[in-house]
Amino acid sequence: MSQPRLNSPTDIATCRDDFPALHQEVNGHALVYLDSAASAQQPTTVIDAVARYQREDHANVHRGVHTLSHRATELYEGARDKLRDFVNASSRTEIVLTSGTTESINLVAQSYCRPLLQPGDQVLITWLEHHSNIVPWQLVCEQTGAELIVAPVNDRGEVERDQLRDLMTERVKLLGIGHVSNALGTINPLSEIIAEAKNLGITVLVDGAQGVPHMTVDVQALGCDFYAFSGHKMYGPTGTGVLWGREALLEEMPPYKGGGDMILEVSFDHTVFNELPYKFEAGTPNIAGTIGFGAAVDYLQSVGLENIHEHEKSLHDYMVHKLVDVDGIRLIGTAADQASVQSFLLNDIHPHDLGTILDHQGVAVRTGHHCAMPVMQRFGLPGTTRASLGLYNSSDDIDRLISALEKARQVFA
Amino acid sequence: MNASHDNSELQELYRDLILDHARKPRNFKRLDNATHTAQGINPLCGDKLRLYLCVDPNDRIIEVGFEGSGCAISMASASLLTETVEDLSVEDADACFGAVTGRLTRQSTDIAAPRNVDLTKLKALDGVREHPSRIKCATLAWHALHAALDPSQSIATTE
């Protein structure tokens, strides 16, 4: 892993200059981007890596003997190596490149669970999950007669550990759990939960979409079996993702999609599938996006995930400190361990009205159910307003949010 | 854009009439004797409402009610709808659907149709035309009205 170029979190303020999209006016105001949990902006190095590939190196991968195909393959497979290093996978064959977290989870549901699950078996998730860690399990449960069961959360937005433990029985074949809740920011105590599940022989998939942008992830240290994440939540392009899986499990799993690149030999009677990870990568992949994904890994490592974590943590503390002073604010999600994501309500102003008023002042936030309807129902809400911070945000951004909220209070006074 | 211009655009969207109807929606009630009903769902926002109509044998709407939850724009629009179509014939009410949604989506410029129905108040919703992501909030109740009057539909979505 490369050494971070920054020495302390205070240096991180210079990173803002790396993101061209942040330097623009929206509705007559300098943009304040507080929606990184939906999709993070991309640094120049990512944008340039994609553009350079498109201009100079584009060809199909793993196919041609010509020079451009060779270059494209080197860049594409180079990104896989970077991603292996990024999550400390033991082998590059464990890094399956996908279109994103959603595809990664669907791959596990269909390739690992579908052949395995019997009527009476259970898949266990929590109330915090994003729809992408709910619906794939619902589908495979319908297909197999298995049952989807859900561990509750408390009023702070933390998984009820006792009840989660009680639900872990020999009937449970897989636990699907988010690393960080996209709606509430809760960081799950994964090491402990995974250890409990593994003691009972339960396979664990972690939805890491909101984990990788904020903290160092070591899949071997976590002890899970699958870890899924996306490029665009960590300053890379959309349409890119990874499924990390233990080699022994991936080896046993049948292909998920059929097509080119995932085969060694095809006749009309029989097909010999390619080796890992290509067995799961049918068709021409998102070459440009994946090269950009690799550049995003380089960028995060150059800034240093420890620096990012410290910076975002102090900024989140500042945001909470300022928010609670706003008259009529109600924080949703107050877990003891929280990433730089904060949901809230302001008086009885509907989140969509609030989002529009903030946008008028150049402040971009997410409003609504955050693709996590069940957790909204848990709190009896149709939705919230969510401010999510990235490495490029500053305390000035928080101050702008606070003054924009005051304006909203006036409009709805 | 300066701060006052900023304010005026926001005030254009959240006019007093809109805020008043959003806070105190008229005819916010379930009608147990409804002859026509439809649900309106905006899957993007989560806005959800149900519209109830009592239509007499002469095809006249004699009572209107709605219930549901959503943003100020969707609630105000539904409230204004109930005031507008009460006492109208089914045909005129459906013409209002066309006139209002046409105006809000800029497919027509005039809100005059149908004859003898005063739709002036609904111009208060015009602010959404500058906010593409909010137009569906304003048209949701009207799509529910159209669906309620069409026997082949029971759920209207904005998608």
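Rules of the game
Residues numbered from 1 in each chain as written. Chains lettered and ligands numbered in written order. Predicted model: local features only at pLDDT ≥ 70, side-chain atom pairs only at ≥ 80, totals over all residues. Helix = DSSP H or I, 4+ residues; strand = E, 2+ residues; numbered from the N terminus. Buried ≥ 20, exposed ≤ 12 C-beta atoms within 10 Å, placed from the backbone. Contact = placed C-beta atoms within 7 Å. Rg over C-alpha atoms; globule rule 2.2 N^0.38 Å. Pairing = 2+ DSSP bridges. Axes fitted to C-alpha atoms, helices over the stretch in contact; angles between N-to-C directions. Domains from an automatic or database assignment. Nonpolar A, V, L, I, M, F, W, Y, C, P; charged D, E, K, R; others polar. Parallel < 35°, antiparallel > 145°, perpendicular 65-115°, else oblique. Left-handed = near helix turned anticlockwise from the far one by under 90°.

### So, the overall build of chain B
Part 1 of the reasoning: If you tally the helices and strands in chain B, you get five helices and four strands.
Part 2 of the reasoning: Listed by position from the N terminus, the elements making up chain B come as α-α-β-β-β-α-α-α-β.
Part 3 of the reasoning: In chain B, which comprises 159 residues, the share counted as buried stands at 42%.
Part 4 of the reasoning: Taking all contacts inside chain B whose residues are at least 6 apart in sequence as the whole, residues at least 24 apart take part in 60%.

### So, the overall build of chain A
Part 1 of the reasoning: When you go through chain A residue by residue, the secondary structure sums to 13 helices and 17 strands.
Part 2 of the reasoning: A compact globule built from 413 residues should have a C-alpha radius of gyration of about 22 Å, and chain A, at 22 Å, falls within 12% of that.
Part 3 of the reasoning: Summarising its shape, the C-alpha atoms of chain A cover approximately 70 × 55 × 35 Å along the three principal directions.
Part 4 of the reasoning: Sorting the 413 residues of chain A into buried and exposed places 52% on the buried side.
Part 5 of the reasoning: Across chain A, contacts joining residues at least 24 apart in sequence account for 71% of those joining residues at least 6 apart.

### Observations regarding the sheet that holds strand β7 (residues 172-178) of chain A
All names here are of chain A.
Part 1 of the reasoning: Strand order in the open sheet formed by seven strands is β4-β10-β9-β8-β7-β5-β6, and the pairing between neighbours is mixed. Sheet topology places β4 (95-98) and β6 (147-151) at the edges, where each strand pairs with a single neighbour. Sheet twist, expressed as the mean angle between neighbouring strand axes with direction ignored, is 20°.
Part 2 of the reasoning: In the sheet, strand β5 (residues 122-126) pairs with β7 via three bridges, with the strands oriented parallel. Among the inter-strand pairings, valine 123 is bridged to a residue of β7, identified as leucine 174.
Part 3 of the reasoning: In the packing of helix α6 (residues 190-199) onto the sheet, contacts are made with β7 and β8 (203-207), and the angle to β8 comes to roughly 155°.

### Some thoughts on the domain arrangement of chain A
The parts lose accessible area when they come together, and the size of an interface is often stated as this lost area.
All names here are of chain A.
Part 1 of the reasoning: The domain architecture assigned to chain A consists of domain 1 (9-30 + 304-411) and domain 2 (48-301).
Part 2 of the reasoning: Contacts between domain 1 and domain 2 engage 23 residues on the former and 22 residues on the latter.
Part 3 of the reasoning: Elements that contribute at least two residues to the side of domain 1 that touches domain 2 include exactly α10 (305-323), β14 (341-346) and α12 (373-378).
Part 4 of the reasoning: Considering every element that reaches the side of domain 1 that touches domain 2, the biggest residue donor is α10, with five residues.
Part 5 of the reasoning: Its residues assigned to classes, the side of domain 1 that touches domain 2 comprises 10 nonpolar, eight polar and five charged.

### Here's the deal with the pairing of strand β2 (residues 47-55) of chain B
Residue and element names in this part refer to chain B.
Part 1 of the reasoning: In the sheet, strand β1 (residues 36-42) pairs with β2 via seven bridges, with the strands oriented antiparallel. Directly across from threonine 37, in β2, lies its bridge partner tyrosine 52.
Part 2 of the reasoning: Adjacent in sequence and paired antiparallel, β1 and β2 are bridged by four residues, among which glycine 46 carries a positive phi angle near 90°.
Part 3 of the reasoning: Bridging between β2 and strand β3 (residues 61-69) involves eight bridges; their strand directions are antiparallel.

### Some points on the packing of helix α4 (residues 90-104) of chain B against helix α5 (residues 135-149) of chain B
Any two packed helices are characterised by how steeply their axes cross, that is the angle between the axes, and by the distance between the axes.
Residue and element names in this part refer to chain B.
Part 1 of the reasoning: As a packed pair, α4 and α5 sit with axes 10 Å apart at the nearest point and diverge in direction by 155°. With respect to α5, the axis of α4 lies roughly antiparallel. Read as a crossing pair, α4 and α5 show a hand that is left-handed. Residue-level inspection shows Val90, Ala93, Asp94, Phe97, Val100, Thr101 and Leu104 of α4 in contact with α5, the latter providing Ile135, Ala138, Thr139, Trp142, Leu145, His146 and Leu149.
Part 2 of the reasoning: Grouping the amino acids of the contact of α4 with α5 by side-chain chemistry returns 10 nonpolar, three polar and one charged.

### A closer look at the sheet that holds strand β17 (residues 384-388) of chain A
Residue and element names in this part refer to chain A.
Part 1 of the reasoning: Spatially, four strands are ordered β13-β14-β17-β16 in an open sheet, and the strand pairing comes out antiparallel. Looking along the sheet, the strands with just one partner apiece sit at the ends: β13 (329-332) and β16 (366-368). Adjacent strand axes in the sheet meet at a mean angle of 30° when their direction is disregarded.
Part 2 of the reasoning: Examined bridge by bridge, β16 and β17 share three bridges and lie antiparallel to one another. Residue pairing across strands places glycine 368 opposite threonine 384, the latter belonging to β17.
Part 3 of the reasoning: Strands β14, β16 and β17 of the sheet are contacted by helix α11 (residues 351-360), whose axis makes an angle of about 160° with β16.

### Concerning the interface of chain B and chain A
Part 1 of the reasoning: Taken together, the 16 residues of chain B in the interface contact 14 residues of chain A.
Part 2 of the reasoning: Considering every element that reaches the side of chain B that touches chain A, the biggest residue donor is helix α1 (residues 3-13) of chain B, with four residues.

### A closer look at unusual backbone geometry
All names here are of chain A.
Part 1 of the reasoning: Residue proline 277 follows leucine 276 across a cis peptide bond; omega there is -5°.
Part 2 of the reasoning: Here proline 277 shows up in the loop between β12 (271-273) and α9 (287-303).
Part 3 of the reasoning: Not every positive phi belongs to a glycine, and histidine 62 is a case in point at roughly 60°.
Part 4 of the reasoning: The topology assignment puts histidine 62 in the loop between α1 (44-57) and α2 (67-87).
Part 5 of the reasoning: The class for histidine 62 is partly exposed, based on 16 C-beta atoms found within 10 Å.
Part 6 of the reasoning: Even without a glycine there, the phi angle at aspartate 261 is positive, about 80°.

### Re the pairing of strand β10 (residues 241-245) of chain A
All names here are of chain A.
Part 1 of the reasoning: In terms of burial, β10 is largely enclosed, as five of its five residues are buried.
Part 2 of the reasoning: Of the two faces of β10, the one holding Gly241, Leu243 and Gly245 and the one holding Val242 and Trp244 are both buried throughout.
Part 3 of the reasoning: Pairing of β4 with β10, which is carried by four bridges, proceeds in the antiparallel orientation. In the sheet register, isoleucine 95 faces β10, and the bridge partner there is tryptophan 244.

### What about the environment of asparagine 199 of chain A?
All names here are of chain A.
Part 1 of the reasoning: Checked against the element boundaries, asparagine 199 lands in helix α6.
Part 2 of the reasoning: For asparagine 199, a count of 9 C-beta atoms within 10 Å gives the class exposed.
Part 3 of the reasoning: Along the primary structure asparagine 199 and glutamine 41 are separated by 158 residues, whereas in three dimensions their C-alpha atoms are 40 Å apart.

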